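Listed below, chain by chain, are the residues.
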Amino acid sequence: MNPAHILLIDDEAIALANLSHVLEREGHRVTACKDGAQGLDALAREDFDLVLSDIKMPGVDGMEVLRQARQRHPDIPVVMITGHATLDSAVDAMKAGAFHYLAKPFRLAEAREVVKSALELSRVKRENQELKL
């Protein structure tokens, strides 16, 4: 499988650095953004295979990133990450089209598995689109 290009958005510098490092060690190319506005700019400029976004961020929050990502690129899976997990926020994210929801602190094995599943879904959707052409 080709390396995926992943957009990672989190306002916590340590979380951003750690998850970037883990994803890069898995062979993926990561564009790391420290806030939602920066993430939306990256989404407008580049193509991504997956978006991982924190929910609670100052300014443009993760739910807005999710809404705009689904609107601009409906086939790209979006995984929401939060340190403030509630049932309501999980339900809201899933209703808005999130592929999955990770609560901090998450196990790295769990994050790897979610990323793998999301990228597999993205690959299958892309192949289906190509077959329709």
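Residues numbered from 1 in each chain as written. Predicted model: local features only at pLDDT ≥ 70, side-chain atom pairs only at ≥ 80, totals over all residues. Heavy atoms only, no water.

**Section: the sheet that holds strand 3 (residues 50–54)**
Just so we agree on the cut-off: Note on pairing: DSSP must find at least two bridges between two strands before they are called paired. What counts as a helix is a DSSP run of H or I of at least four residues, what counts as a strand is a run of E of at least two, and both are numbered from the N terminus. To define axes, lines are fitted to C-alpha atoms, for helices over the stretch in contact only, and angles between the resulting N-to-C directions are given on a 0 to 180 degree scale. Residues count as neighbours in contact if any of their non-hydrogen atoms are within 4.5 Å of one another.
Strand order in the open sheet made by the 5 strands is 2-1-3-4-5, with parallel pairing throughout. The open sheet has two free edges, formed respectively by strand 2 (29–33) and strand 5 (100–103), since each of these has just one partner strand. In this sheet, neighbouring strand axes are inclined to one another by 20 degrees on average, regardless of whether the strands run parallel or antiparallel. Contacting strand 1 (5–9), strand 3 and strand 4 (78–82), helix 3 (residues 62–72) crosses the sheet at an angle of about 180 degrees to strand 4.

**Let's talk about the pattern of salt bridges**
Formally: When a carboxyl oxygen of Asp or Glu is within 4 Å of a side-chain nitrogen of Lys or Arg, the pair counts as a salt bridge. Here's how the labels work: a residue is buried when its accessible area is under 20% of the maximum for its type, exposed when over 50%, partly exposed in between, all with a 1.4 Å probe on protein chains only.
Throughout the structure, instances matching the rule amount to 9 salt bridges. Between Arg123 and Glu120 there is a salt bridge, with its nearest N and O atoms 2.3 Å apart. Here the residue Arg123 and the residue Glu120 both occupy positions in helix 5 (residues 108–132), the gap between them amounting to 3 residues, near one helical turn. Residue classification places Arg123 among the partly exposed residues on the basis of a relative accessible area of 26%. Overall, the relative accessible area of 35% leaves Glu120 in the partly exposed class. Three or more residues joined by partner-sharing salt bridges are found here, namely Asp10, Glu12, Asp54 and Lys104.

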